[in-house]
Amino acid sequence: MTAYQRAIAQFEAIFGSSPQIVTVAPGRVNLIGEHTDYNEGFVLPIAIDRHLCVAARGRPDQTVRVAAADLNDTDEFPLTEIVRDERGSWRNYPRGVAWVIQQNGVALKGIDAVIASDIPIGAGLSSSAAMEVGFALTLLHFAKAEVPCPTLAQWCQRAEHEFAGVQCGIMDQMIALLGKEQHALLLDCRDLSHELVPLPKGIAFVIADTGVPRTLAASEYNIRRAQCGEAVKVLSELLGRPLRSLRDVTLDELGQVFNEMPDPLRRRARHVLTENSRVLAFQQAMREGALRRAGSLLLASHASLRDDYEVSCRELDAMVSALMSVEGVFGARLTGAGFGGACLAMVREDAVERVLTETPPRYKQLLGENSPESTLFAVHPSDGAQVRPL
């Protein structure tokens, strides 16, 4: 049973009637451009054919009732007094989105809703942004309100900042709203300008979950973000001009003052600047069908994330090595915040089954008998979130 079907079935079981709509929001994988989004840089994500679905119907009052089918958990809160759940659970995503929408002047109505998802949690595929976007579109549907996608993405980002407590960038929410089948989205995180990049035929993308939970990801993510802010202050002094973000620095300028900067701030800055260059080079390679060049850029991205940004781990490095040992893989790198989670591989379409079959035993061989169980699956570039009336 798909997530879409489970959301409807669970809604009928819990609330005793059929939902009026199902909002379908995709997960995402970032092809390249990691930890650049909150530095006002470039990213190149795709929406994927794994979805979170929100089955819902309107209520005549100001109460929101939500059931998370996959977690066997529920929440209920009044729209008149939305407070953060201090336990830090999934409940903060619907609550946070509802709070931000109302903060921006939209009068919401109560709903009953059931959430079901086939996006793996903790694999770096942004199930959280899918929940935010899916729930936001659901609430706006019943409020009969329309909000431009970039604005709604910013609202959802604010919900994650203030309710979930993760200082995320804007990429995940933007691609969840703006994804298009067989395209990537080149997004400038400074001004949210964006363009769709057609992907060449004959390739596929494989997600390889290492089996290692990203237990450090949230806390270390916030540390890295703070370090980038510190690097901006140091560079402002060394270069003698005010800087808003690392986006304002060129690689040449960084090179001139690199040895004067403290470590690890200089390496954090170097990763961000070189990663921005790789994003632009990768999207050009996609347009030209230069697959080997694109693959080498993925490997360079992983090396930079491992050495300069220090967000990899033994298992992620082993997974990249295992993937690259299989014929038909052009390139691979960790994807998401790091510290566990998943890797992304770009592979020949006719090599997908071989990659899915041969990678796990090679991963296990590299790590030894006590290695975690890996999970691999292919994903395809998908459309962004949409509300489907029933």
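Please read these numbers as outputs of a predicted model, since none were measured by experiment.

1. Let's talk about the overall build of the chain
Looking only at helices and strands, one finds eleven helices and twelve strands in the chain. Taking 21 Å as the expected radius of gyration for a compact globule of 390 residues, we find that the chain reaches 21 Å, a close match to that expectation. Taken along its principal axes, the extent of the C-alpha atoms in the chain is 65 × 55 × 40 Å. In the chain, which comprises 390 residues, the proportion classed as buried is 59%. At a minimum sequence separation of 6, the contacts of the chain that also span at least 24 residues come to 70%. Carbon and sulfur atoms provide 48% of the accessible area of the chain, an area that totals close to 15,500 Å². Looking at charge distribution, the chain has the averaged site of its 39 positive side-chain charges lying 1 Å from that of its 48 negative ones.

2. A word on the pattern of salt bridges
Applying the stated criterion to the full structure yields 33 salt bridges. With a shortest N-O distance of 2.9 Å, D248 and R190 are connected by a salt bridge. Here R190 lies in the loop between strand 6 (183–188) and strand 7 (194–198) and D248 lies in the loop between helix 6 (217–239) and helix 7 (251–257), a separation of 58 residues in the sequence. Of the residues examined, D248 reaches a relative accessible area of 24% and is grouped as partly exposed. Classification of R190 as partly exposed rests on a relative accessible area of 28%. For R267, the salt bridge is made with D263, and the minimal N-O distance between the two is 2.8 Å. Accessibility expressed as a relative area gives 43% for D263, which makes it partly exposed. Each of D73, D75, D85, R87, R91 and R95 takes part in a single network of salt bridges with overlapping partners.

3. Let's talk about the packing of aromatic side chains
Applying the stated criterion across every chain, the model contains three aromatic pairs. A ring pair is formed by F11 and F15, whose centres lie 4.8 Å apart and whose planes are at 50°; its orientation type is tilted. Taken as a pair, F11 and F15 lie in helix 1 (residues 3–15) at a separation of four residues, close to a single helical turn. Residue classification places F15 among the buried positions, given a relative accessible area of 14%. Cation over ring: R50 sits above F377, and NZ or CZ is 4.1 Å from the ring centre.

4. Observations concerning the packing of helix 8 (residues 265–288) against helix 9 (residues 291–307)
Look at helix 8 against helix 9: their axes get within 9 Å of each other, and the N-to-C directions meet at 165°. With respect to helix 9, the axis of helix 8 lies roughly antiparallel. Viewed along their axes, helix 8 and helix 9 form a crossing whose handedness is left-handed. On the side of helix 8, the interface is formed by R267, H271, T274, E275, R278, A281, F282, A285, M286 and E288, while helix 9 contributes L291, R293, A294, L297, L298, A300, S301, S304, L305 and D307. Residues of the contact of helix 8 with helix 9, tallied by class, amount to ten nonpolar, four polar and six charged.

5. A closer look at the sheet that holds strand 8 (residues 203–209)
With antiparallel pairing, four strands are arranged side by side in an open sheet as 9-10-8-11. Here the strands that pair on one side only, and so sit at the sheet edges, are strand 9 (329–335) and strand 11 (375–379). Averaged over all pairs of adjacent strands, the angle between strand axes in this sheet comes to 25°, irrespective of strand direction. Pairing analysis gives five bridges linking strand 8 to strand 11, with the strands arranged antiparallel.

6. Examining the side chain of R267
Examined against the element boundaries, R267 turns out to sit in helix 8. If sequence neighbours within four positions are ignored, R267 has contacts with F258, D307, D308 and E310.

7. Details of helix 9
Relative to the 24 Å expected for 17 residues at 1.5 Å per residue, helix 9 spans 25 Å between its end C-alpha atoms, a close match to the ideal helical length. Buried residues along helix 9 sit against strand 1 (21–32), strand 8, helix 8, helix 10 (314–324), strand 9 and strand 10 (342–348).

8. A few points about helix 10
If you check which residues of helix 10 are buried, you get E315, L316, A318, M319, V320, A322 and L323. Where helix 10 is buried, its residues meet strand 8, helix 9, strand 9, strand 10, helix 11 (352–367) and strand 11.

9. Observations concerning the packing of helix 2 (residues 92–103) against helix 4 (residues 149–164)
The geometry of helix 2 relative to helix 4 is characterised by a closest axis approach of 8 Å and an angle of 120° between their N-to-C directions. For the element pair helix 2 / helix 4, the angle class is oblique. The chirality of how helix 2 crosses helix 4 is right-handed. Touching N92, Y93, R95, G96, V97, W99, V100, I101 and Q103 of helix 2 are W155, C156, R158, A159, E160, E162, F163 and A164, all from helix 4. Tallied by class, the residues present in the contact of helix 2 with helix 4 amount to ten nonpolar, three polar and four charged.

10. Quick look at the state of the cysteines
As used here, a disulfide is simply a covalent bond connecting the sulfur atoms of two cysteines. Scanning all chains against the criterion turns up zero disulfides. Counting only cysteine sulfurs, C343 is the nearest neighbor of C313, a cysteine outside any disulfide, at a range of 8.1 Å.

11. Regarding the pairing of strand 10
The buried fraction of strand 10 amounts to six of the seven residues, a majority that puts the element mostly inside the structure. Of the pairings in the sheet, the one linking strand 8 to strand 10 comprises seven bridges and is antiparallel in character. Pairing of A208 across the sheet is with C343, part of strand 10. Counting the residues that bridge the hairpin from strand 9 to strand 10 gives six residues, and of these G336 lies at a positive phi of roughly 95°.

What counts, and at which threshold
- Note on numbering: residues in each chain are counted from 1, in written sequence order.
- With the structure being a predicted model, the display of local features is reserved for residues of pLDDT at least 70 and the display and counting of side-chain atom pairs for 80 or more, all residues being used for whole-chain, interface and lining totals.
- The basis for every side-chain value is the complete set of non-hydrogen atoms in the structure, without hydrogens or water.
- The way it works is that DSSP assigns letters per residue, a run of H or I at least four long becomes a helix, a run of E at least two long becomes a strand, and they are numbered from the N terminus.
- Taken over C-alpha atoms, the radius of gyration is set against a globule rule of 2.2 Å times the number of residues to the power 0.38.
- Working definition: with a 1.4 Å probe on protein chains only, accessible area under 20% of the residue-type maximum means buried, over 50% means exposed, and in between means partly exposed.
- We call two residues in contact when some of their heavy atoms are within 4.5 Å.
- The Shrake-Rupley method, run with a 1.4 Å probe sphere, supplies the accessible areas, and residue values consider only the shown protein chains as cover.
- Only four residue types enter the charge count: Lys and Arg as positive, Asp and Glu as negative, with His and the chain ends excluded.
- By convention, the charge on Lys lies at NZ, on Arg at CZ, on Asp at CG and on Glu at CD.
- Whenever a carboxyl oxygen of Asp or Glu lies within 4 Å of a side-chain nitrogen of Lys or Arg, that contact is scored as a salt bridge.
- The pairing test for Phe, Tyr and Trp rings, Trp by its six-membered ring, is centres within 6.5 Å, and the orientation test on the planes gives stacked under 30 degrees, edge-to-face over 60, and tilted for anything in between.
- Put simply, a charge is over a ring when the Lys NZ or the Arg CZ is close to the ring centre, within 6 Å, and near the line of the ring normal, within 35 degrees.
- Here the axes come from fitting lines to C-alpha atoms, over the contacting stretch only for helices, and the angles between their N-to-C directions go from 0 to 180 degrees.
- Should an angle fall under 35 degrees it is called roughly parallel, over 145 degrees roughly antiparallel, and 65 to 115 degrees roughly perpendicular, with every other angle called oblique.
- Each helix crossing is assigned a hand: it is left-handed if the near helix lies turned anticlockwise from the far helix by less than a right angle, otherwise right-handed if that turn is clockwise.
- Residue polarity is assigned by list, with Asp, Glu, Lys and Arg as charged and Ala, Val, Leu, Ile, Met, Phe, Trp, Tyr, Cys and Pro as nonpolar; anything else, Gly included, falls into the polar class.
- Should DSSP find at least two bridges between two strands, the strands are taken to pair.
- For a helix, the expected span equals 1.5 Å multiplied by the residue count minus one.
- Cysteine sulfur atoms that come within 2.5 Å of each other are treated as a disulfide pair.

By themselves, these observations are geometric and do not establish any function.
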